[in-house]
Structure formats: structure tokens, C-alpha cells
Amino acid sequence: MSRIVTYSPSHTLVPTYECFNRCSYCNFRRDLGTDGWLSLDKAKEILTALQGSEITEILILSGEVHPLAANRESWFRHIYNLAALALNMGFYPHTNAGILTFAEMEKLKNVNLSMGIMLEQMTVTLLDTVHRHAPSKVPSLRLEQLQWAGELGIPFTTGLLLGIGETECDRLVTLETIATIHQRWGHIQEVILQPYNPGKREQWQNNPFDLQKLPDLVRQAREILPPDIVIQIPPNLVPDPLFLLDCLAAGARDLGGIGLIDEVNPDYLHLHPDKLKEFLAIYGWELKARLPVYQ
Ligand SMILES: O=c1nc2n(C[C@H](O)[C@H](O)[C@H](O)CO)c3cc(O)ccc3cc-2c(=O)[nH]1
Ligand SMILES: C[C@H]1O[C@@H](n2cnc3c(N)ncnc32)[C@H](O)[C@@H]1O
Ligand code: SF4
């Protein structure tokens with residue numbers, strides 16, 4: 001019998017690429033005033049074209065507006081409207097718009113199946129390096145997001161960004177933090193182990209995370225995290241399929257959202273799920289589509 005690994009057939013909608021943070025590794029953000037908003041009409045056009053396809057999840061991934069900026073309220077309303085539109089058109093929205101207020105999160109819960117925010121790392125010294133110009137990456141703020149999602153009972157995705165200047169010990173601390181949060185509320189569905197990969201647009205241009213280290217980290221994560229949390233590896237960021245197999249052997253069981261473009265890493269294309277399925281089958285793994293909420 002083959003073992004099962006899942007993925008979510010997904011399409012990403014980007015309300016805006018404009019972001020007041022400047023994470024050094026980001027290939028997604030645009031400066032304020034250089035990108036508009038995705039209109040509801042355009043979104044409707046995109047979603048209409050996706051109806052009847054295999055896509056079930058709409059990932060709403062956004063650049064962020066400062067919490068005190070004059071246009072914060074209209075930015076939030078726009079994200080809400082996009083999620084509501086996707087839901088009304090029969091899709092399952094999953095929003096990651098960075099740091100939200102408790103009230104914003106509570107409202108977005110009504111139009112999302114699940115939501116998420118990456119913890120990145122709990123390491124405060126990164127605020128002197130890659131997160132120097134990114135107030136949204138203060139670890140205590142991100143941790144609070146996980147706690148609020150727990151209080152609100154929102155099925156939640158989080159994860160670690162690997163290779164941004166953290167130590168091996170830092171990674172374990174971040175995993176232990178997620179485990180502790182989950183023990184209290186039980187709402188963390190999946191933890192993404194996301195290797196940093198340099199892209200064409202970013203300032204940083206650092207070396208990619210050493211993939212040799214990934215299977216061992218998956219193994220450690222499997223020991224630290226409660227058994228009902230699924231470990232997710234984005235397959236396009238692990239270009240050597242043999243490493244992907246090693247990650248599965250170490251306990252990873254999900255490949256995340258797979259669509260045409262990975263908006264966060266546009267330089268790294270996804271293999272078509274049919275091709276991935278064929279490849280994995282050779283090694284005794286059955287690739288199965290799932291919804292944004294695990295059964
Ligand atoms: O295809 C992607 N999906 C991303 N997802 C979606 C994820 O792979 C799953 O599709 C959803 O969590 C649904 O289970 C994220 C979700 C989050 O909550 C936080 C960060 C990410 C990051 C990515 C990403 O970089 N690429
Ligand atoms: C949406 C998530 O995408 C991740 N992210 C941002 N930039 C990169 C990159 N160059 N490589 C890999 N992941 C990245 C961060 O973890 C963010 O929280
Ligand atoms: S990673 Fe997110 S918060 Fe950081 S600059 Fe990019 S869009 Fe903004």
C-alpha cells in the first residue's frame with residue numbers, strides 16, 4: 001500500500017504588492033505608490049476563469065499597510081471583500097495578510113476557511129539584520145497572532161523561514177514555541193518549513209538554505225510538534241526531487257498550495273501536480289488533493 005502525501009490545488013490572489021515593511025529577502029513587495037489594488041472586477045474575472053477547474057483554494061496573500069495609516073481601513077475592507085467574493089463563487093479562501101488587529105482577524109474569520117501567518121523565526125536579533133525595516137516581523141507580535149487565532153478558533157497555518165540568519169538552535173526554539181501554542185488551543189493545522197531561496201527582485205541575494213539540512217530538520221520538527229500538526233514542504237523550493245523524498249521519509253506529509261505561480265517565489269516554478277504525482281508514485285507515495293481545512 002502506498003503512503004499518502006497531500007497538496008492543495010490553489011490559486012493566489014494578491015490584493016496589493018505594496019508593503020510598508022522591507023524584509024531583505026522579499027521578492028514580492030513593491031514600494032508604496034508603485035502598485036495599485038487588484039480590483040474586485042478583475043478578481044471576479046480571474047475566479048470565473050477558474051470555476052470548473054481543479055482549483056479549490058484561493059490563497060489571499062498581501063503586502064501590508066501600516067496599522068495607523070489613513071488607508072488601513074479601506075485596505076482591510078478590500079481584503080475582506082476579495083475573500084467574500086471567492087467564498088461566494090464556491091472557492092475556499094485562506095488569507096495571509098500579515099499582522100492583523102484582533103477585530104480584523106475576527107471579521108476575516110467569517111469569510112475564510114483557514115488563515116495563516118509565518119512565524120519566520122522567534123529570533124529577535126534578526127530585527128538588526130533582515131527584519132531591520134520590517135516592524136511586522138517583531139516575534140512577539142507574530143506570536144500574538146497565533147494566540148488570537150487560537151482564541152478565535154481559526155484553523156491556522158504557520159511556519160519557519162529557513163536560512164535568514166538564524167542558528168540551528170533558533171529553529172528548535174521556534175518549533176517549540178509553535179508546539180506550546182498548539183497545546184493550549186489545538187488550532188495549528190500545518191507548519192511550513194520554507195527554505196529561503198534568492199530571487200531576482202530582492203535586495204539581499206544571499207545563499208539559499210542548505211537543503212542537505214532539511215530532512216534532519218523535518219525529523220526534529222516531527223519530534224517537537226504535536227502529532228496532529230502536518231509538516232509542509234513547498235516542492236518548488238526543493239528542486240532536487242531526491243531531497244523531497246528524504247523529507248517525506250523524515251515525516252513531511254504535505255506539499256502546500258500548488259498553482260501556476262508561486263507569488264512569493266516567482267522564480268521557482270511548480271511542477272504540474274500530475275508530473276509530481278507520477279514521480280512520487282514511483283517511490284510508493286500517493287499524491288492526493290486536499291482542501292484548506294484538514295478533515
Ligand atoms: O504556494 C504557496 N502557499 C503558501 N501558503 C499556503 C499553504 O501552502 C497552503 O496552501 C494553505 O495553508 C492551505 O492549507 C502559505 C500559507 C500561510 O498561511 C503562510 C504562508 C504561506 C506561504 C505560501 C507560499 O509561499 N506559497
Ligand atoms: C508569505 C511568506 O513567504 C515567505 N518568504 C518571503 N520571501 C521569501 C523567499 N525569498 N524565499 C522563501 N520564502 C519567502 C515568508 O515566510 C513570508 O511570511
Ligand atoms: S515578506 Fe511580507 S511583510 Fe516582508 S516585505 Fe514581503 S510582503 Fe512585506
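Throughout, residues of each chain are indexed from 1 in the direction in which the sequence is written. Lettering for chains starts from A, numbering for ligands starts from 1, and both go in the order in which the items are written. Local features in this predicted model are restricted to residues of pLDDT 70 or higher, and side-chain atom pairs are both shown and tallied only at a pLDDT of 80 or more, whereas totals for entire chains, interfaces and linings draw on every residue. To get the side-chain values, all heavy atoms of the structure are used, and hydrogens and water are removed first.

As annotated in an unreviewed UniProt entry, the protein chain carries the name 7,8-didemethyl-8-hydroxy-5-deazariboflavin synthase and comes from Microcystis flos-aquae FACHB-1344. UniProt positions are given in the numbering used here, feature names are shortened, and annotations may be inferred rather than shown by experiment. In its Function (unreviewed entry) section, UniProt records this for the protein chain: "Catalyzes the radical-mediated synthesis of 7,8-didemethyl-8-hydroxy-5-deazariboflavin (FO) from 5-amino-5-(4-hydroxybenzyl)-6-(D-ribitylimino)-5,6-dihydrouracil." According to the UniProt record, the Catalytic activity (unreviewed entry) comment for the protein chain reads "5-amino-5-(4-hydroxybenzyl)-6-(D-ribitylimino)-5,6-dihydrouracil + S-adenosyl-L-methionine = 7,8-didemethyl-8-hydroxy-5-deazariboflavin + 5'-deoxyadenosine + L-methionine + NH4(+) + H(+)".

Caption draft 1: Highlighting empty space enclosed by the protein. Here a cavity means grid points, on a 1 Å grid over the protein atoms only, where a 1.4 Å probe fits yet cannot get out; a pocket means an open set of points with protein on both sides within 12 Å along at least five of seven lines; lining residues are those with an atom within 4 Å of a point. Grid points are joined across faces, edges and corners, and a volume is the space filled by probe spheres set on the points. Tallied over the entire structure, the rule returns two cavities of 30 Å³ or more. The volume enclosed by the second largest cavity comes to roughly 40 Å³. The wall of the second largest cavity is formed by Thr 95, Asn 96, Ala 97, Gly 98, Leu 100, Met 105, Met 115, Gly 116, Ile 117, Gln 145 and Phe 156. For the purposes of this entry, the term helix denotes a DSSP run of H or I that reaches at least four residues, the term strand denotes a run of E that reaches at least two, and both are numbered from the N terminus. Those elements that place two or more of their residues in the lining of the second largest cavity are strand 3 (92-96) and strand 4 (114-116). Under the grouping applied here, Gly and all other residues not named as nonpolar or charged are polar, the nonpolar ones being Ala, Val, Leu, Ile, Met, Phe, Trp, Tyr, Cys and Pro and the charged ones Asp, Glu, Lys and Arg. Looking at the lining of the second largest cavity residue by residue, the classes come out as six nonpolar, five polar and no charged.

Caption draft 2: The site of ligand 2, seen in detail. Proximity is defined per residue: any heavy atom of the residue falling within 4 Å of a molecule or strand makes that residue near it. Near ligand 2 you find Tyr 25, Asn 27, Asn 96, Met 118, Glu 120, Leu 161, Gln 194, Pro 195, Tyr 196, Asn 197, Val 264 and Asn 265, and these make up its full shell. Within the side chain of Gln 194, a nitrogen or oxygen atom sits 3.0 Å from a nitrogen atom of ligand 2. Contact with the protein chains hides 91% of the accessible area of ligand 2, taken as 410 Å² for the molecule alone. N or O atoms closer than or at 3.5 Å make up a polar contact, with two conditions inside protein: a donor-capable atom paired with an acceptor-capable one, and, for residues adjacent in sequence, both atoms drawn from side chains. Accessible areas in this description were obtained via Shrake-Rupley with a 1.4 Å probe; residue shielding takes into account the shown protein chains only.

Caption draft 3: Spatial organisation of helix 6 (residues 214-224). A simple rule labels every residue: compare its accessible area, found with a 1.4 Å probe on the protein chains alone, to the largest value its type can have, and call it buried under 20%, exposed over 50%, or partly exposed in between. For helix 6, every residue scored as buried is listed here: Leu 214, Pro 215, Leu 217, Val 218 and Ala 221. Within helix 6, the buried residues cover an arc of 160 degrees as seen down the axis, which keeps them to one side. Picture the helix axis, draw a direction to every C-beta atom, and the arc is the one those directions span.

Caption draft 4: Spatial organisation of the site of ligand 1. In the vicinity of ligand 1 lie 18 residues, with Glu 57, His 94, Glu 190, Gln 232 and Arg 290 positioned nearest. Separating an oxygen atom of ligand 1 from a side-chain N or O atom of Gln 194 is a distance of 3.3 Å. For ligand 1, an oxygen atom lies 2.8 Å from a polar atom in the side chain of Gln 232. The biggest single contributor to the shell around ligand 1 is strand 6 (residues 188-195), with three residues. Taken together, the residues that form the shell around ligand 1 break down as six nonpolar, eight polar and four charged.

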